[in-house]
Amino acid sequence: MTKHTLNQAGLEELVNTIEGDVADGQYDGAVVLVAQHGDIALHRAIGHSDLANNRKTQLDDIFHLMSITKQLTTVVVLQAIERGQFSLETKIAQIIPEFGVKGKNNITVYHLLTHMSGMNEELPAALVPGQHVNIQALVSAVSDERLQRRPGRVVCYNPYAAHAILAEMVCRLDKQQRPFRQILNDELLQPLAMYNTSLSVRPDLAGRRVPIVPRFGDGGLFEPQAFSAMNLLATEEAEFAAAGAMGTAMDVFRFSEMLRRGGELDKVRILSESMVSEATRNHTGQQSNDIFDWAREIHNWPDWPAYIGLTFFLRGEGTFPTHMGHNTSPGTFCGEGAGSTLFWVDPERDLSFVFLSAGIMDEAENILRCQKLSDLVVSAASC
């Protein structure tokens, strides 16, 4: 195996920066991993994973992965496409007939994966509070809602419903009639030896789970109360296909390695190389992501392209706020979770970064934090 050429002093600067942020109270702790050519150069636990109980962060801590769950769900959806069960152009109503009402009849798998469905980005008003962790309940409530915008016309990140709908499609076509958490485990997690990752709180993982603690006030993209509630909603039966997975930094790294290697890891093929390429190219052109309009107004940020593939986010080109930093290559792709989690792969440098943190930050501040840390990783690779 080709060894990394990362500069150790640069990596220690990354660690020192995280330690400084934790000491300043911006967040409580983190597990960070940096690798090049698949060779791990840094894997470090910093600060506390449960500050209230003085629990130090450990390398095998189980973090709520938040919206990195979307990338996990997406890979299972792409596997179904590669098996010929449906295609990117398949209309959702062909598989979930009750969905195709009130203007939603032409929404496709592609629209959901690229956040261009035109659906409401908020939880349905008719949904019983807390039921968004039940795929069938969320899909039922969304099916009764009307279309907000014409599909394919506007990019607006959908935090909740899109990936529940995709997961329900996979479930309805599953001959074994497995729940989605089992399909995810059987088709992705077990083959990749991601043994410390689950869509629900497995009893054997519960003791290492990092509690969700918001470290911000009202007025951002999400309300802090919504995060606090997730601690109670995370049960053994929960299925939040958009943001409910939990796992270790090492497992997230294995997932990113599979993608870096074009869909294969340890001689196990998860996706074809062509499908990985398709998922990690820009599908949204120069359109902006409307979900960040609040941050643009509050922070006087400019418009910038959404750069979304099939759920994966891309670095693209230009100077603007980005989790992946200003100095990663344009083809860098990532998954990130609200205020706390990130992984990216820079194909040009063959460089990977995983960052899972305790103490949820405001999303705008989190973008700037991840941007800073990502640029430090690239600096270590450039020394």
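### Concerning empty space enclosed by the protein
No. 1: Using the criterion set out here, one finds six cavities of 30 Å³ or more in the structure.
No. 2: Volume-wise, the largest cavity comes out at about 170 Å³.
No. 3: Lining the largest cavity are 16 residues; nearest its centre among them are Phe292, Trp304, Ala306, Phe313 and His323.
No. 4: Residue assignment for the lining of the largest cavity shows that the elements contributing at least two residues are strand 8 (313-314) and strand 9 (333-337).
No. 5: Partitioned by chemical class, the residues of the lining of the largest cavity number 12 nonpolar, three polar and one charged.
No. 6: Of the volumes computed, that of the second largest cavity is approximately 90 Å³.
No. 7: As for the second largest cavity, its lining consists of 13 residues, and the residues nearest its centre are Val133, Leu233, Ala234, Phe240 and Gly244.
No. 8: Its residues assigned to classes, the lining of the second largest cavity shows nine nonpolar, four polar and no charged.

### Re the sheet that holds strand 2 (residues 39-50)
No. 1: Strand order across the open sheet formed by seven strands is 3-2-1-11-10-9-8, with antiparallel pairing between neighbours. The sheet is open, and its two edges are formed by strand 3 (55-56) and strand 8, each paired on a single side.
No. 2: Where strand 2 meets strand 3, two bridges bridge the pair, whose relative direction is antiparallel. Across the sheet, the residue bridging to Asp50 is Arg55, located in strand 3.

### Remarks on the layout of surface pockets
No. 1: Put simply, the largest pocket is a space of about 510 Å³.
No. 2: Lining of the largest pocket is provided by 28 residues; of these, Pro159, Tyr160, Phe222, Ala226 and Phe227 occupy positions nearest its centre.
No. 3: For the lining of the largest pocket, the secondary-structure elements that each account for two or more residues are helix 9 (224-233) and strand 9.
No. 4: It is helix 9 that contributes the most residues to the lining of the largest pocket, five residues altogether.
No. 5: Of the residues contributing to the lining of the largest pocket, the split by class is 18 nonpolar, four polar and six charged.
No. 6: Roughly 150 Å³ of internal volume is contained in the second largest pocket.
No. 7: Secondary-structure elements contributing two or more residues to the lining of the second largest pocket are helix 10 (249-260) and helix 11 (273-279).
No. 8: The element contributing the most residues to the lining of the second largest pocket is helix 11, with three residues.
No. 9: The residue makeup of the lining of the second largest pocket, split by class, is five nonpolar, three polar and three charged.

### Some words on the packing of aromatic side chains
No. 1: Within this structure, the stated rule accounts for 12 aromatic pairs.
No. 2: On the numbers, 6.0 Å between centres and 40° between planes, the contact of Tyr157 with Phe313 is tilted. Here the residue Tyr157 occupies a position in the loop between helix 5 (135-143) and helix 6 (161-172), and Phe313 occupies one in strand 8, the gap between them amounting to 156 residues. Considered together, Tyr157 and Phe313 belong to a single accessibility category, that of buried residues.
No. 3: In textbook terms, an aromatic cluster arises when at least three aromatic residues are bridged by ring pairs, as seen for Phe292, Trp301, Trp304, Tyr307 and Phe320.
No. 4: The side chain of Arg296 reaches across the aromatic face of Trp304, ending 4.3 Å from its centre.
No. 5: Here the basic side chain of Arg315 rests over the ring of Phe320, its NZ or CZ set 5.1 Å away from the ring centre.

### Re the nonpolar core
No. 1: Among the nonpolar cores identified, the biggest contains 117 residues, and Leu14, Ile18, Val109, Phe180, Leu188, Phe255 and Phe353 are the most heavily contacted of them.
No. 2: Apart from residues no more than four positions distant in its own chain, Val109 is found in contact with Val77, Ile81, Phe86, Ser87, Leu88, Thr90, Ile92, Leu166 and Met169.
No. 3: Of all hydrophobic cores here, the second largest spans 14 residues; its members include Tyr160, Phe227, Ala238 and Ala243.

### So, unusual backbone geometry
No. 1: Of note, Lys102 is a non-glycine position whose phi angle comes to about 55°, a positive value.
No. 2: By secondary structure assignment, the location of Lys102 is in the loop between helix 3 (92-95) and helix 4 (109-113).
No. 3: Owing to a relative accessible area of 47%, Lys102 belongs among the partly exposed residues under this scheme.
No. 4: Residues other than glycine seldom take positive phi values, yet His115 does so here, at roughly 60°.
No. 5: Mapped onto the secondary structure, His115 falls in the loop between helix 4 and helix 5.

### With respect to the pairing of strand 9
No. 1: Taken across its five residues, strand 9 has five buried, putting it largely inside the fold.
No. 2: Alternating residues of strand 9 divide into Phe333, Gly335 and Gly337 and Cys334 and Glu336, and every residue in both groups is buried.
No. 3: Note: strand 8 against strand 9, two bridges, orientation antiparallel. The residue of strand 9 that forms the bridge with Leu314 is Phe333.
No. 4: Note: strand 9 against strand 10 (residues 341-346), five bridges, orientation antiparallel. Bridging across to strand 10, Gly335 finds its partner in Phe343.

### Structural notes on helix 9
No. 1: Within helix 9, burial applies to Pro224, Phe227, Met230 and Asn231. One face of helix 9 carries all of its buried residues, which in axial projection span an arc of 110°. For helix 9, exposure combined with an orientation more than 90 degrees from the buried face picks out Gln225 and Leu232.

What counts and how
Residues numbered from 1 in each chain as written. Predicted model: local features only at pLDDT ≥ 70, side-chain atom pairs only at ≥ 80, totals over all residues. Heavy atoms only, no water. 1 Å grid on protein atoms, 1.4 Å probe; cavity = no way out; pocket = protein on both sides within 12 Å on 5 of 7 lines; lining within 4 Å. Points joined across faces, edges and corners; volume = space filled by probe spheres on them. Helix = DSSP H or I, 4+ residues; strand = E, 2+ residues; numbered from the N terminus. Nonpolar A, V, L, I, M, F, W, Y, C, P; charged D, E, K, R; others polar. Pairing = 2+ DSSP bridges. Phe/Tyr/Trp six-rings, centres within 6.5 Å; stacked < 30°, edge-to-face > 60°. Buried < 20%, exposed > 50% of the residue type's maximum accessible area, 1.4 Å probe, protein only. Lys NZ or Arg CZ within 6 Å of the ring centre and 35° of its normal. Core = buried A, V, L, I, M, F, W, Y, C linked by side-chain atoms within 4.5 Å. Contact = heavy atoms within 4.5 Å. Arc of directions from axis to C-beta.

Shape is all these values report; function is a separate question.
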